[in-house]
Every structure is written in structure tokens, then in C-alpha cells.
Amino acid sequence: MKKGIMSLAFLLLAGLVMMGIGCLPTEKKSTTTESTDVVEEEVETVNIDSKLTNAAILADTNGQWAVSATASTTYNDATGDASWSAQQTTGAPNVTKYADSVYAWAPKEKNKGTVTLELTYADPVYATNVRIFENLGSGAATKVELKDIDGVYHEVWTGTDPTKGLNYLQVNLSQRSYKSNTVRITLDTTKSPEEWVEVDAVQLVGTK
Ligand SMILES: [Ca+2]
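Along each chain, the written sequence defines residue order, and numbers are assigned to residues from 1. In view of the model being predicted, local features appear only for residues whose pLDDT reaches at least 70, and side-chain atom pairs are presented and counted only at 80 or more, with totals across whole chains, interfaces and linings using the full set of residues. Values shown for side chains rest on all heavy atoms present in the structure; no hydrogens or waters enter the calculation.

A short note on the coordination of the calcium ion
Coordination here is defined by N, O and S atoms within 2.8 Å of the metal (3.2 Å for Na, K and Ca), and since water is not considered, a site can look incomplete. Within the first shell, the calcium ion binds the protein through Q88 (O), N94 (OD1), Y103 (O), D200 (O) and D200 (OD), at distances of 2.2 to 2.6 Å. Positions of the donor residues of the calcium ion along the chain correspond to the pattern Q-x5-N-x8-Y-x96-D. Residue Q88 is found in the loop between β3 (68-71) and β4 (114-136), and its partner D200 is found in strand β9 (residues 198-207); the two are separated by 112 residues along the sequence. Using a 1.4 Å probe on the protein chains alone, a residue whose accessible area is under 20% of its type maximum counts as buried, one over 50% counts as exposed, and one in between counts as partly exposed. For D200, a relative accessible area of 0% translates into the label buried. Think of it this way: any DSSP run of H or I at least four residues long counts as a helix, any run of E at least two long counts as a strand, and we number them from the N terminus.

As for the packing of aromatic side chains
Any pair of aromatic rings gets described here by the distance separating the centres and the angle formed by the planes. Working definition: rings of Phe, Tyr and Trp (its six-membered ring) pair if their centres are within 6.5 Å, and the pair is stacked with planes under 30 degrees apart, edge-to-face with planes over 60 apart, and tilted otherwise. Under the counting rule described, the total for this entry stands at three aromatic pairs. Ring centres of Y75 and W84 lie 4.8 Å apart, and the angle between their planes is 70°; on these two criteria the pair is classed as edge-to-face. Classification of Y75 by relative accessible area gives partly exposed; the value is 31%. A residue is classified by how much of its surface remains accessible, and W84, at 17% relative accessible area, is buried. Between Y75 and W196, the ring centres sit 5.7 Å apart and the planes meet at 80°, which makes this aromatic pair edge-to-face.

Topic: the environment of S101
One can find S101 in the loop between β3 and β4. For the pair formed by S101 and N135, sequence separation is 34 residues and the distance between their alpha carbons is 8.1 Å. When checking whether two residues touch, look at their non-hydrogen atoms; a contact exists if any pair is within 4.5 Å. Those residues in contact with S101 that sit more than four places away from it in its chain are W84, V95, N135 and E198.

Points about the pattern of salt bridges
We define a salt bridge as a contact between a side-chain nitrogen of Lys or Arg and a carboxyl oxygen of Asp or Glu at a distance within 4 Å. Scanning the model with the defined rule gives four salt bridges in all. In this structure, D123 and K208 form a salt bridge, with 3.4 Å as the shortest nitrogen-oxygen distance. Here D123, found in strand β4, pairs with K208, found in the segment after β9; they are 85 residues apart in sequence, far enough to count as distant. Between R184 and E145 there is a salt bridge whose closest N-O contact spans 2.9 Å. Of this pair, R184 sits in strand β8 (residues 180-188) while E145 sits in strand β5 (residues 141-148); the two residues are 39 residues apart in sequence, bridging distant segments of the chain.

Description of the nonpolar core
Side chains that are nonpolar tend, in soluble globular proteins, to be buried together. We define the nonpolar core as a collection of buried residues of types Ala, Val, Leu, Ile, Met, Phe, Trp, Tyr and Cys that are connected through side-chain atoms lying within 4.5 Å of one another. Residues L119, V130, L146, V183 and L187 are the most contacted members of the largest nonpolar core, which totals 29 residues. Per element, the largest residue contribution to this core is eight residues, and it comes from β4. If near-sequence neighbours (up to four positions away) are discounted, L187 is found in contact with W105, G113, T114, V115, L117, A140, A141, T142, V197 and V199. The next biggest cluster of nonpolar side chains, apart from the first, holds five residues, and it includes W65, F133, Y168 and A201.

A few points about unusual backbone geometry
One non-glycine residue, W84, lies in positive phi territory at about 60°. With respect to the helices and strands, W84 occurs in the loop between β3 and β4.

Any functional reading would require information that these geometric values do not contain.
Right under this line is the structure:
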């Protein structure tokens, strides 16, 4: 009886080992001539870096805060009131807690589907980071694009925004080969159905 159990355990173990081997990643072919490799390389250089503290971000000498901003939707679309307008995302962060604030941009409705926020900066730079300070409904960003100085948009990040609470989504890039002074952010306002999505400020980092 004991031997039978041991044989069964051995078979199970052997099966698991074989399954494990089957799951091992196969080595990527190192071709360098196909154009798809260029796209792959671009995606692999993008990651979310949440290590920098707020103090370090505020002190970053290569960082700029937006000077103007527009959005596909704003809370006071009809009245033109400055509260919750896209303009509230310009300058350094001025919201100090995870909460609704008139000093942040908010869409017209709590669940407005997919929306965009576009920010412009004084100096075109070879970007290395985009830092989005979220103060409500955090985790809604789905895409970040940079518009180069010839007007072409480059997608530099797409994915799941891990931001929680009052914090930055930090999209850490390898230095871009083009200059940009415009950031376009796409957000899914339905990700947190119970909360309005609000963005306080966005920093573009790079060298001139
Ligand atoms: Ca603000």
C-alpha cells in the first residue's frame, strides 16, 4: 500500500517536472534586421518606476510642469468655470490629499468612458519620464503619447496604471530620439466606477 502511494507520488512529481519543462520560455531569436524588432525594443524600454519620492520629483532639474492644457471633456464644459478645468493640471501639484479638488482636472461625468488630456510644456526635450499626479480615481491612465515638434504622436506607454491613492504614475522611458513638448494622456474613467477621475499635475522630464 505504502509502495503504491510512493509510486503515485513519483508519477505526479514526474508529471509536474515535465509540465514545468513545457512552460519554460523559449529563447528569443536574435534577429536584428526585421522591422518588428524595432517596435519590440521600444516597448521593452518602457516601465513604471515608482521609486522616486514626491520631494525628488519636485526637485528634478530636468522636470517641467505644463504651461497649458486641453481635455476632451471637463467638468465645467458648459460654463467655462476654471474649477476642474484642464488648466488645473498646469504648474506643480497643488492638491495635498486623495480627494476631489477644484485644483485638479475632472471630466464632465463620473463615468465618461475613454477621455484624453493634453499638456504643453515650455521647452521641447528628449523625454526620459512622464509623471502623472493622480488625486482621485487613481489608476485610470491607459496610454501616454508624446507629440514631437513636427506634430507626430508617438505612443510611449500603454498598459495597466498601478497608481493607488494620491500618487504619481511614473512612466520611465529610455531617452527618446525626438524632441517633444506635448504629452497626451488617455484615461479610462470607468475603471473606478464609484469615483471621479482627477489629475492634479503632469511633469515632463528630459534634456533640451
Ligand atoms: Ca493642479
